[in-house]
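# Geometric and topological summary
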Amino acid sequence: EWAERGAAKIIKEVVDPTTGELTKHVVKMGIKDFKFGEQLGDGSYSSVVLATARDSGKKYAVKVLSKEYLIRQKKVKYVTVEKLALQKLNGTKGIIRLFFTFQDEASLYFLLEYAPHGDFLALIKKHGSLNEQCARYYASQIIDAVDSLHTIGIIHRDIKPENILLDKDMKVKLTDFGTAKILPEEPSDDADGNPCFDLNARSKSFVGTAEYVSPELLNDSYTDSRCDIWAFGCILFQMVAGKPPFKASNEYLTFQKVMKIQYAFTAGFPQIIKDLVKKLLVKEPNDRLTIEQIKAHIFFQSVNFDDGSVWDDDPPE
Ligand code: ATP
């Protein structure tokens, strides 16, 4: 079932135990080099399985996609985008790492960094809601990761708690770049932090998830990097309220609420976060805070986004 066809060439570093000398070998790695374990999750067009490297014992999450299904459902484009986006983002803080890709007759395999602490939705559900300190800790990682991907010229377009995984240190790892938009090399975020505009962004098909979709996509079928900022506003609200700001019994009613910006803060919602959410859940994208302005908001006053501490600090209790 896991028969190998495609194999990735990797450079393996070996230290001679007697001389201590480091030598580099080019080796081919394939699916046979991994032992498959429990199923970690199920996506709409993939399943994700835990895999352990036979030589090092290192754990990975392998996303398995059926070629036949991808072709039948016309999803090949999504997989290509996901691979390209993850390759461009490799090594970026807050983004899940893609180590290798393989294929065999039936499937495509993405060998991803394993995030053992589940997703952010499960964390919010487990605790009901997060206090101000925890909300600040996770919100600062999420916005910093979004900043990085926009700077690289990628719009995620489906940021939601299920797509935010928690790594071994309980830190944020954005995943699921299947619906991302990769912008042409040149015009990305400029030095002044202006949004990266997607000139070909008019799209008839709905991209994203109802509860986190931006009003401009619903009203004008228009989207650019500011849709990720809208989604960030929804997630920040959800961290505190325990539920997304726009939620109804079906997608149509949810869309109505989004278009009317119809949401209500829960009792005891901290004033400082309320102020930030109000400036993010703004209908007109031009009036929405930019990432630079978000980072300068008083809620993040104690956070230093420049010295790496957002990623180095341990999570709060
Ligand atoms: P969607 O239906 O949201 O488009 P998808 O097919 O793109 O899903 P993912 O969202 O990437 O698939 O993964 C599905 C599930 O598998 C996730 O919700 C998560 O529970 C689990 N999962 C994915 N990647 C990892 C990982 N790197 N480490 C641990 N679990 C993971």
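Residues numbered from 1 in each chain as written. Predicted model: local features only at pLDDT ≥ 70, side-chain atom pairs only at ≥ 80, totals over all residues. Heavy atoms only, no water.

### Focus: the overall build of the chain
Inclusion rule: What counts as a helix is a DSSP run of H or I of at least four residues, what counts as a strand is a run of E of at least two, and both are numbered from the N terminus. Using a 1.4 Å probe on the protein chains alone, a residue whose accessible area is under 20% of its type maximum counts as buried, one over 50% counts as exposed, and one in between counts as partly exposed. Contacts are assigned to residue pairs with any non-hydrogen atoms lying within 4.5 Å of each other. All accessibility values rest on the Shrake-Rupley procedure with a 1.4 Å probe; residue burial counts only the protein chains present in the view.
Regarding its fold elements, the chain presents 10 helices and 11 strands. Counting only residues that meet the buried cut, the chain has 47% of its 317 residues in that class. Restricting to contacts in the chain with at least 6 residues of sequence separation, those with at least 24 account for 61%. For the chain, the computed accessible surface area is about 16200 Å², with 49% contributed by carbon and sulfur atoms.

### Examining the confidence of the model for the chain
Here is the rule: What pLDDT expresses is the predictor's confidence in each residue, scored from 0 to 100.
Averaged over the chain, the pLDDT score is 89; the fraction of residues at 70 or greater is 88%. Ignoring residues within four places in sequence, the model shows residues 1–6, a span with pLDDT below 50, making 18 contacts including any to other chains. Ignoring residues within four places in sequence, the model shows residues 196–204, a span with pLDDT below 50, making 24 contacts including any to other chains. We note a pTM of 0.88 for the whole complex and an ipTM of 0.94 for its interfaces.

### Let's talk about helix α6 (residues 226–241)
Test applied: Helices are assigned an expected span. That span is 1.5 Å times one less than the residue count.
With 16 residues, α6 should cover 22 Å at 1.5 Å per step; its first-to-last C-alpha distance of 23 Å lies within 8% of that length. Positive backbone phi, approximately 85°, marks glycine 242, located one or two places after α6.

### Section: the environment of proline 116
Residue position: proline 116 is located in the loop between β7 (107–113) and α3 (120–127). Apart from the residues within four sequence positions on either side, proline 116 is in contact with Leu166, Asp167 and Lys168.

### Examining the layout of surface pockets
Filter applied, for reference: Throughout, the protein atoms alone are placed on a 1 Å grid, and a set of points is a cavity if a 1.4 Å probe fits but cannot get out or a pocket if it is open with protein on both sides within 12 Å along at least five of seven lines; lining residues have an atom within 4 Å of a point. Grid points are joined across faces, edges and corners, and a volume is the space filled by probe spheres set on the points. Basically, the charged four are Asp, Glu, Lys and Arg, the nonpolar ten are Ala, Val, Leu, Ile, Met, Phe, Trp, Tyr, Cys and Pro, and anything else, Gly included, counts as polar.
Taken as a whole, the largest pocket encloses approximately 920 Å³ of empty space. The wall of the largest pocket is formed by 33 residues, among which Asp42, Gly43, Lys63, Asn163 and Asp176 lie closest to the centre. Secondary-structure elements contributing two or more residues to the lining of the largest pocket are β3 (34–42), β5 (59–66), α2 (76–89) and β7. Here the lining of the largest pocket gets 3 residues from one element, more than from any other, and that element is β3. Looking at side-chain class alone, the lining of the largest pocket contains 13 nonpolar, 10 polar and 10 charged residues.

### Description of the packing of α3 against α6
The cut-off we apply is this: Every axis in this analysis is a line fitted to C-alpha atoms, fitted for helices over the stretch in contact. Angles between the N-to-C directions lie between 0 and 180 degrees. Orientation labels follow simple angle bins: below 35 degrees gives roughly parallel, above 145 gives roughly antiparallel, 65 to 115 gives roughly perpendicular, and whatever is left gives oblique.
It is at 9 Å that the axes of α3 and α6 come closest, and there the two elements cross at 25°. It follows that α3 is roughly parallel to α6 by the angle criterion. Each of Phe120, Leu121 and Ile124 in α3 lies in contact with α6, whose residues at this interface are Ile235, Gln238 and Met239. Its residues placed into classes, the contact of α3 with α6 shows 5 nonpolar, 1 polar and no charged.

### So, the pattern of salt bridges
Note the cut-off: Salt bridges are defined by distance alone: a side-chain nitrogen of Lys or Arg within 4 Å of a carboxyl oxygen of Asp or Glu.
The final tally for this structure, using the stated rule, is 13 salt bridges. Arginine 136 is the partner of glutamate 132 in a salt bridge, and the nearest nitrogen-oxygen pair spans 3.3 Å. Highlighted residues: glutamate 132 and arginine 136, both in helix α4 (residues 132–152), separated by 4 residues, approximately one helical turn. Residue classification places glutamate 132 among the partly exposed residues on the basis of a relative accessible area of 32%.

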